[in-house]
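Structural overview for review
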Amino acid sequence: MKPNGNDPLVMIDNDRHLFKVSRNNFTDPDVFVKERERIFSTCWLYLGHESELKKPGDFVTRVVGGRSILFNKDRQGNIRALFNSCPHRGSQVCRERKGNAKSFQCFYHGWVFGQDGALRNQPGEESYGHDFKNDPDSNMRQVPRLESYRGLYFLCYDPEAIPLVDYLGNAKEYLDVIFDQSVDGMEVIGGTQEYAMNANWKLLVENSIDGYHATSTHATYLDYLKSMEGGLTNVALSGVGKDLGNGHGVIEYSAPWGRPAGQWVSLWGDEGKKEIDALNARNEKLYGKEKADRIAYKNRNLLIFPNLIINDIMSLTIRTFFPQSPNLLHVNAWAAGPQEESAAARKFRLSNFLEFLGPGGFATPDDVEALEHCQLGYRNSQEVRWNDISKGMGLEQPAMDDEEQMRAFWREWSRRLTGPEQIQGERT
Amino acid sequence: MNVATEKGSDAGTLTRSEVEDFLYAEAELLDEWRLPEWLDLFTDDATYQIPPTDIPADASPDNNLFYIADDRYRLGERVKRLMKRTAHAEYPHSKTRHQVSNVRILSQDDGQVEVACNFLTYRTKDDFSNIFFGKLLYGLEVSDGKIRIRSKRVVLDTNGLRNQGRISIIL
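Starting afresh in each chain, residues are numbered from 1 along the sequence in its written order. Note on labels: chains are lettered from A, ligands numbered from 1, in written order. Only residues with pLDDT of at least 70 get local features here, since the model is predicted, and only at 80 or more are side-chain atom pairs given and counted; chain-wide, interface and lining totals rely on the full set of residues. Side-chain figures throughout are based on the complete set of non-hydrogen atoms in the structure, without hydrogens or water.

Moving on, we come to the overall build of chain B. Of regular secondary structure, chain B possesses four helices and six strands. In terms of overall size, chain B behaves like a compact globule, its C-alpha atoms giving a radius of gyration of 16 Å where 171 residues would be expected to give roughly 16 Å. Here the C-alpha coordinates of chain B stretch approximately 45 × 35 × 30 Å along the principal axes. Relative accessibility thresholds used throughout: buried, under 20% of the residue-type maximum; exposed, over 50%; partly exposed, between the two (1.4 Å probe, protein chains only). A total of 171 residues make up chain B; the buried ones form 54% of that total. A helix here means a DSSP run of H or I that spans at least four residues, while a strand means a run of E at least two residues long, and both kinds are numbered starting from the N terminus. Radius of gyration: over C-alpha atoms. The globule rule applied is 2.2 Å multiplied by the number of residues raised to the 0.38 power.

Our next topic: the overall build of chain A. Tallying secondary structure elements over chain A gives eleven helices and 22 strands in all. For a compact globule of 428 residues, the expected C-alpha radius of gyration is about 22 Å, and chain A comes in at 23 Å, within 12% of that figure. Dimensions of chain A along its principal axes, counting C-alpha atoms only, are 75 × 65 × 35 Å. At a minimum sequence separation of 6, the contacts of chain A that also span at least 24 residues come to 64%. Per-residue accessibility takes into account occlusion by the displayed protein chains alone, with areas from the Shrake-Rupley method and a 1.4 Å probe. Within the structure as shown, chain A displays about 17,700 Å² of accessible surface, and the carbon and sulfur contribution to it stands at 48%. Counted charges follow a simple rule, with Lys and Arg positive, Asp and Glu negative, and His plus the chain ends left uncounted. Positions of charges follow a simple convention, taking NZ of Lys, CZ of Arg, CG of Asp or CD of Glu. Here chain A holds 50 positive side-chain charges and 59 negative ones, and the gap between their average locations is 3 Å. Contact definition: two residues touch when any of their heavy atoms are within 4.5 Å.

Moving on, we get to the confidence of the model for chain A. Every residue is assigned a pLDDT by the predictor, reflecting its confidence on a scale from 0 to 100. Here chain A averages 94 in pLDDT, and 96% of its residues register 70 or above. This stretch, residues 421-425 of chain A, has a pLDDT under 50; its non-local contacts, to residues over four places away or in other chains, come to ten contacts.

The next point concerns the environment of B:Arg162. With respect to the helices, strands and loops of the structure, B:Arg162 is situated in the segment after strand E6 (146-156). Judged by its relative accessible area of 24%, B:Arg162 falls in the partly exposed class. Excluding residues within four positions of it along the chain, B:Arg162 makes contact with A:Glu194, A:Tyr195, A:Ala196, A:His330, A:Val331 and A:Asn332. In the analysis that follows, any N or O atom pair within 3.5 Å is treated as a polar contact, provided that within protein one partner can donate a hydrogen and the other can accept it, and provided that, for residues neighboring in sequence, both atoms belong to side chains. In this structure the side chain of B:Arg162 is engaged in a polar contact, spanning 2.8 Å, whose partner is the backbone oxygen of A:Val331. Reaching out from B:Arg162, the side chain makes a polar contact with the side chain of A:Asn332 at a distance of 2.8 Å.

Moving on to the sheet that holds strand E4 (residues 58-64) of chain A. Residue and element names in this part refer to chain A. In spatial order, the strands read E6-E5-E4-E7; together these four strands make up an open sheet with antiparallel pairing. The open sheet has two edge strands, strand E6 (79-83) and strand E7 (98-100), and neither has a second partner. Taken pair by pair, the neighbouring strands of this sheet meet at an average axis angle of 25°, ignoring direction. The criterion for strand pairing is that DSSP finds at least two bridges linking the strands in question. Where E4 and strand E5 (residues 67-73) come together, six bridges link them in antiparallel fashion. Each bridged residue has a counterpart across the sheet, and for valine 63 the counterpart in E5 is serine 68. The axes used here are C-alpha line fits, helices contributing only the stretch in contact, and every angle between their N-to-C directions lies in the interval 0 to 180 degrees.

On to helix H4 (residues 72-82) of chain B. Taking burial as the measure, the eleven residues of H4(B) include eight buried ones, the bulk of the element. When we look at burial in H4(B), the residues that qualify are B:Arg74, B:Leu75, B:Gly76, B:Glu77, B:Arg78, B:Val79, B:Arg81 and B:Leu82. Contact partners of the buried residues in H4(B): helix H6 (219-227), helix H9 (343-356) and helix H10 (364-377) of chain A together with helix H3 (35-39), strand E1 (42-50) and strand E2 (68-71) of chain B.

With 117 residues, the main nonpolar core has A:Trp413, B:Leu140 and B:Leu156 as its most contacted residues. Those residues in contact with B:Leu140 that lie beyond four places of it in its chain are B:Leu14, B:Val19, B:Phe22, B:Gly111, B:Gln112, B:Val113, B:Val115, B:Ile147, B:Arg148, B:Ile149 and B:Arg150. Judged by nonpolar contacts, the second largest core, of 25 residues, contains A:Ile189, A:Tyr224, A:Leu354 and B:Ala59. Residues belong to one nonpolar core when they are buried, are Ala, Val, Leu, Ile, Met, Phe, Trp, Tyr or Cys, and are joined through side-chain atoms within 4.5 Å.

Residues and elements named next belong to chain A. Each aromatic pair joins two rings of Phe, Tyr and Trp (for Trp, the six-membered one) with centres within 6.5 Å, and gets the label stacked for planes under 30 degrees apart, edge-to-face for over 60, and tilted for any other angle. In total, this model carries 24 aromatic pairs over all chains according to the counting rule given. When the centroid spacing of 5.4 Å and the interplanar angle of 80° are considered together, the rings of phenylalanine 59 and phenylalanine 104 count as edge-to-face. Of this pair, phenylalanine 59 sits in strand E4 while phenylalanine 104 sits in strand E8 (residues 103-105), and the two are 45 residues apart along the sequence. Among the residues examined, phenylalanine 104 registers a relative accessible area of 5% and is labelled buried. Residues tyrosine 224 and phenylalanine 362 carry aromatic rings whose centres are separated by 4.9 Å and whose planes lie at 75° to one another, so their mutual orientation is edge-to-face. Separated by 138 residues along the polypeptide, tyrosine 224 in helix H6 and phenylalanine 362 in the loop between H9 and H10 bring together distant segments of the chain.

Side chains on a regular strand alternate between the two faces of the sheet. Residue and element names in this part refer to chain A. Of the strand pairs in this sheet, strand E15 (residues 238-245) and strand E16 (residues 248-254) are connected by seven bridges, and their pairing is antiparallel. Its bridge partner lying in E16, glycine 239 is registered against tyrosine 253. In sequence, E15 turns back onto E16 through a hairpin of two residues, with asparagine 246 there showing a positive phi of about 55°.

Residues and elements named next belong to chain B. Taken together, the side chains of Tyr122, Ile131 and Phe133 make up a nonpolar region of the molecular surface, amounting to roughly 240 Å² of accessible area. Relative to the helices and strands, tyrosine 122 resides in strand E4 (residues 112-125). On the basis of relative accessible area, tyrosine 122 is assigned to the partly exposed category, the value being 37%. What goes into a patch is any residue over 30% in relative accessible area without a salt bridge, connected to like charges within 9 Å or, for nonpolar side chains (Val, Leu, Ile, Met, Phe, Trp, Tyr), within 5 Å. Every case where a carboxyl oxygen of Asp or Glu lies within 4 Å of a side-chain nitrogen of Lys or Arg is listed as a salt bridge.

Below is the structure:
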């Protein structure tokens, strides 16, 4: 028996404090097609950080929302996003991952484009009509919308989309707290972790903002921290989970690990302490004690709907991921830090990152294992149909190990897939 | 392990076949999941590094994000972790087969031996198999008739880990 076509995607029962998500959402090819149309073609999607394009002419090629994009900076310093397809026959014009270029030449027939994507010349120009070059269709096409916030560049394939700042909404304030760690500006650090999971992309959304799984999934990481001399301070893991609206969600909490943003651990030594103290004193002067303490001592796992994670934890990571099919996702993850950071602090930041995060860390591989086994478990979703996301429902302030921040995602996801006039299964 | 790590010929210099015997023995320890014994091959100040594939192969982990950049302490912790049932990514253990070839001694001076080789490592977990391949750069140290690893750098020839997903085994 196939799941009933009339089954809702998400089933909410506010009286019984139940929030159920259909497992069909993780396997159904029709859902995957709808997501491309209603999420990845209409939402603001993270493209890259301004620090990846330092000099005029710098470029990066990247696949975003299933499209091949050329992200570059022109001679005048304008940052652009072009569809990386030749207007002539469609070949990818730029075939390098990154570099610096004054112009881009498609190797197929030799058409040459400027940094703004405008056709400069093509072999046999005389065989074309006299105004061929003035036709916008002769140029590489720009993405319809490209906007930035705090150096984070987002694109959107929907020309009618609301402005990025409105889309970010309440998440902006969290981005501010994270990016105010630096006075000179944050930068993406060299080296990209590019990996994959045999799992639906929404499993990684949930997992990236899940405060509930740490003790069981990450037992070995916690063992490691406990056994390391000076690796932890005497701070409890505790905090809140929030729905920020527009599908964005966050958990904000204290934790015992060292934070290069301001929570010193004895492993970093006296020199490290001086540096962290100076950083916190500077922030207090700039922002006042309350915000400076929040920057220093609070961790944040922030989801920008649909697929950008900024985790300001024992290190700072920017992570984005895209579905390749219902059961395969590709991840790109970067480390970021203040430009003015000392060499020693940068080293601690990166060391902290690798202990926990990434495909070679002491924690992420266990997350991957968990998500892949969820996907395998969904073989049974015709019979065992619902995921439970109810933890903390009905509480005035759900905790960081509740699931309110995930419900935020699912409410928006469901709204976008089924349309505002027919949120299915909402029973109160 | 004594056979492989003990130096037979002239003190302070290694032949290629001695290096090969050592690398084959290392591969066997990894494939048999005898990781604590494998760890004993490393010097106290050893490093084990895997850079990402979009930066130069000789980049430093002090100012670049790597996949793995272990000092000897963290390498020991990695081994401890991998031997636990709660290292979920490797429980049950993957089946692996580490292949080493094209072994070359790049230089040797005063017991410090720089070695390069190619590698091909197969991994099977659950019903899936995948392949890691590239170049290994070793800094070996010969002292008291024993060979030890001072540094091991794994330079992957893939673009990222799209097929492998993660590096939860030792390469």
